[in-house]
Amino acid sequence: SAVSAAAALRDAAFAAAELEFDDVEPQLRTYTDEQYFETRPSGNRVSRNSVLGGAQHIRLQAKNVVHDGVAIRGDLAPVTLGTLCWIGARTVLRPCSKSFRGGNEAYFPLTIGSCVTVGADCVIEAASVGSHVDIGANCRVCARA
């Protein structure tokens, strides 16, 4: 089934490799230390070409993969990712905001559940994303209403 195929793909990604499908033949891609650093003991792999604004407010639970060009805006409000999340290249994770009269703006924490896949070139600007969610490439999850 599609669910078990997605789970198998995630398992391969979090074992420090992922399957990339070119036509029918799967190709193995490894995460090298030159391109990614690994947080210990949680096993997160974060690209050296990603931007983590306000890193002290960003919490990655365990076994997450953050690809090239990803921007996580922890400088606006806390950002939390559950376990086994895969964030595609050039994606922006930014807490949602609410504007008030007088020009004041408040930001709300962004929480992403476990087993979440976010495709490349996405903008996630929400208060929360549940667990077991697959967001395709070039998507925008809108701000809080």
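Read on for a plain summary of the structure. One numbering rule holds for all chains: residues counted from 1, following each sequence as written. Totals for whole chains, interfaces and linings use all residues, but because this is a predicted model, local features are given only for residues with pLDDT of at least 70 and pairs of side-chain atoms are given and counted only at 80 or more. Excluded from the side-chain calculation are hydrogens and water; included are all heavy atoms of the structure.

Examining the sheet that holds strand β3 (residues 36-38)
Paired through their backbone hydrogen bonds, the strands of a sheet run either parallel or antiparallel.
Okay, so step 1: A sheet is described by the order of its strands in space; here six strands give the open sequence β3-β4-β7-β10-β15-β18, paired in mixed fashion. Bordering the open sheet on either side are β3 and β18 (134-135), each of which pairs with just one other strand.
Okay, so step 2: Bridge count between β3 and strand β4 (residues 45-47): three bridges; the pairing is antiparallel. Bridged to Phe37 within β4 is Val46. Pairing between strands requires that DSSP locate at least two bridges from one strand to the other. Working definition: helices are DSSP H or I runs of at least four residues, strands are E runs of at least two. Numbering for both runs from the N terminus.

Section: the sheet that holds strand β16 (residues 123-124)
Okay, so step 1: Pairing is parallel in the open sheet, where five strands are placed in the order β5-β8-β11-β16-β19. One side of each edge strand has no neighbouring strand; the edge strands of this open sheet are β5 (51-53) and β19 (140-141).
Okay, so step 2: Inspection of the sheet shows β16 paired to β19 by two bridges, in the parallel sense. Paired with Ile124 across the two strands is Val141, which belongs to β19.

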